[in-house]
Amino acid sequence: MPPGVARLVFLEFALVYSNDWYQLPCALPAGTYASIRGLAVTDVFGEKLWITPAGTGSDADWQRWSMFTLDTVGDDDVPADTGLLLPPGAVVVADGPPLEEVVLARDESANLVWGVEATVPTATGTARRGTEISAEELAHRLRLRTPPTVPAPAAAVAYRAMNSVPEHWIPFIPVHVPGQDRAIRLQRAAMPSAVTGLPVPPRTSLLRQGLDQGHQYYVNEEEVPQTGTRLSLAYNRARRRDGRVSVWLSARRGIGRGEGSSGLAFDFLVDTTGTDGAGAP
């Protein structure tokens with residue numbers, strides 16, 4: 001369900017049924033767990049009524065409704081947890097520069113989703129642009145490996161099976177969901193290197209999930225809209241109320257910049273009469 005639909009449902013519930021609710025403010029300190037046993041209400045006739053919290057009963061009851069409560073672990077028939085957890089928060093959080101940044105964008109012409117590694121971590125702990133890292137590594141491999149001698153073209157055009165894309169573009173191909181005929185998901189794949197022909201692995205930990213263990217990595221198709229999505233990994237720092245400092249590593253997701261095009265093409269002819277001989281499909 002898109003986030004906007006859930007927000008609209010909540011607003012409609014609050015606006016339509018707001019007259020049936022009474023609010024009793026209760027101030028709580030941060031970092032506490034509060035639980036209400038019940039509320040004693042005295043009506044105009046002097047009769048007292050004991051009202052239990054909403055959602056009281058079995059946690060497995062499908063007709064039970066609650067909001068902002070904690071879920072119980074497991075599927076056992078146990079009483080529902082109606083308490084409210086108020087975690088400690090920081091007023092101001094200092095965000096560090098992104099250590100990793102990946103942009104997931106759709107490429108309709110190639111029928112793929114690309115994971116573009118915009119920011120890549122280095123061995124020294126610093127971050128650099130993915131374009132610079134991929135270009136430097138490609139130039140280094142070209143210096144170590146002597147390129148084969150290409151014979152002079154014998155015709156005005158030449159056939160190419162596939163062109164190349166930058167090595168910091170990681171493809172995600174659509175595959176069927178197991179047991180379903182129409183539903184698909186996106187599977188992480190790899191492009192062959194322009195020098196060695198071996199698969200080019202991703203450099204960021206955001207896209208290397210399970211790669212070192214030999215596991216496949218999948219992304220649900222609905223997680224990559226037409227506008228794309230941006231993932232970033234950075235350190236955060238905040239000071240608590242008691243003066244202690246907390247530093248943590250967080251992953252964030254934002255909106256991308258729309259669709260992208262890698263220029264990937266298959267089975268095309270190039271003009272060999274030009275100065276560079278590269279041509280265009």
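Refer to the structure presented above.
Here goes a summary of the coordinates provided. Predicted model, so just to flag it, every value in this text is computed and none were measured.

Re the overall build of the protein
Scanning the protein for helices and strands turns up two helices and 15 strands. Here the C-alpha radius of gyration of the protein, 28 Å, is well above what a compact globule of 281 residues would show, namely 19 Å. Projecting the C-alpha coordinates of the protein onto the three principal axes gives extents of approximately 105 × 50 × 35 Å. Expressed as a percentage of the 281 residues in the protein, the buried residues total 23%. Taking as baseline every contact in the protein between residues at least 6 positions apart, the subset at least 24 positions apart corresponds to 56%. For the protein, the exposed area adds up to about 20200 Å²; of that, 58% sits on carbon and sulfur atoms. Placing the 25 positive and 31 negative side-chain charges of the protein at their respective mean positions leaves the two points 10 Å apart.

What to know about a negative patch on the surface
On the surface, Asp 61, Asp 75, Asp 76 and Asp 77 cluster together into a patch of negative charge. By the secondary structure assignment, Asp 75 is in the loop between strand E3 (48-51) and strand E4 (84-86).

A closer look at the nonpolar core
With 10 residues, the main nonpolar core is built from Val 102, Leu 104, Val 113, Ile 170, Phe 172, Leu 186, Leu 206, Leu 207, Val 219 and Val 224. Of all the secondary-structure elements, those providing two or more residues to this core are strand E6 (100-107) and strand E10 (169-176). Excluding its chain neighbours within four sequence positions, the residues that come into contact with Leu 206 are Glu 100, Val 102, Tyr 217, Leu 231 and Ser 232. One finds Val 103, Val 116, Trp 169 and Leu 264 within the second-largest nonpolar core, a separate group that totals nine residues.

Some points on the side chain of Thr 119
Along the chain, Thr 119 falls in strand E7 (residues 112-121). When neighbours within four sequence positions are excluded, Thr 119 is seen to be in contact with Pro 98, Leu 99, Glu 100, Glu 101, Ala 127, Arg 128, Gly 130 and Thr 204.

Quick look at the pairing of strand E14 (residues 245-255)
Direction of pairing for strand E13 (residues 229-239) relative to E14: antiparallel, over a ladder of 11 bridges. In the strand pairing of E14, Ala 238 is matched with Ser 246. Counted along the chain from E13 to the antiparallel partner E14, the turn is five residues long, and its residue Gly 243 has a positive phi close to 95°.

Describing the environment of Arg 128
Structurally, Arg 128 can be placed in strand E8 (residues 127-129). Overall, Arg 128 belongs to the partly exposed group, its relative accessible area being 30%. Taking C-alpha positions, Arg 128 is 8.3 Å from Leu 99, a pair spaced 29 residues apart along the chain. Within polar-contact distance, the side chain of Arg 128 engages the side chain of Glu 132 at 3.4 Å.

Description of the packing of aromatic side chains
Inspection of every chain in the model, using the stated rule, returns two aromatic pairs. Ring geometry for Trp 114 and Trp 169: centres 5.8 Å apart, planes at 70°, overall edge-to-face. Linking Trp 114 in strand E7 with Trp 169 in strand E10, this pair joins segments that are 55 residues apart in sequence. According to the relative accessible area criterion, Trp 114 is buried, its value standing at 1%. Arranged with centres 6.5 Å apart and planes meeting at 70°, the rings of Phe 172 and Tyr 217 form a pair that is edge-to-face. Of this pair, Phe 172 sits in strand E10 while Tyr 217 sits in the loop between strand E11 (184-188) and strand E12 (218-220), placing them 45 residues apart in sequence. Positioned over the ring face of Tyr 218 is Arg 185, at 3.7 Å from the centre of the ring.

Thoughts on the pattern of salt bridges
Scanning the entire structure with this criterion turns up 11 salt bridges. A salt bridge links Glu 101 to Arg 230, with the shortest nitrogen-to-oxygen separation between them at 2.7 Å. You can see Glu 101 sitting in strand E6 and its partner Arg 230 sitting in strand E13, a full 129 residues away along the chain. The class for Glu 101 is buried, based on a relative accessible area of 16%.

Procedures and definitions
- Residues numbered from 1 in each chain as written.
- Predicted model: local features only at pLDDT ≥ 70, side-chain atom pairs only at ≥ 80, totals over all residues.
- Heavy atoms only, no water.
- Helix = DSSP H or I, 4+ residues; strand = E, 2+ residues; numbered from the N terminus.
- Rg over C-alpha atoms; globule rule 2.2 N^0.38 Å.
- Buried < 20%, exposed > 50% of the residue type's maximum accessible area, 1.4 Å probe, protein only.
- Contact = heavy atoms within 4.5 Å.
- Areas by Shrake-Rupley, 256 points an atom, 1.4 Å probe, with all protein chains shown as cover.
- Lys, Arg positive; Asp, Glu negative; His and termini not counted.
- Charge placed at Lys NZ, Arg CZ, Asp CG, Glu CD.
- Patch = residues over 30% accessible without salt bridge, like charges linked within 9 Å, V, L, I, M, F, W, Y side chains within 5 Å.
- Salt bridge = Lys/Arg side-chain N within 4 Å of Asp/Glu carboxyl O.
- Core = buried A, V, L, I, M, F, W, Y, C linked by side-chain atoms within 4.5 Å.
- Pairing = 2+ DSSP bridges.
- Polar contact = N/O pair within 3.5 Å; in protein donor to acceptor, adjacent residues only side chain to side chain.
- Phe/Tyr/Trp six-rings, centres within 6.5 Å; stacked < 30°, edge-to-face > 60°.
- Lys NZ or Arg CZ within 6 Å of the ring centre and 35° of its normal.

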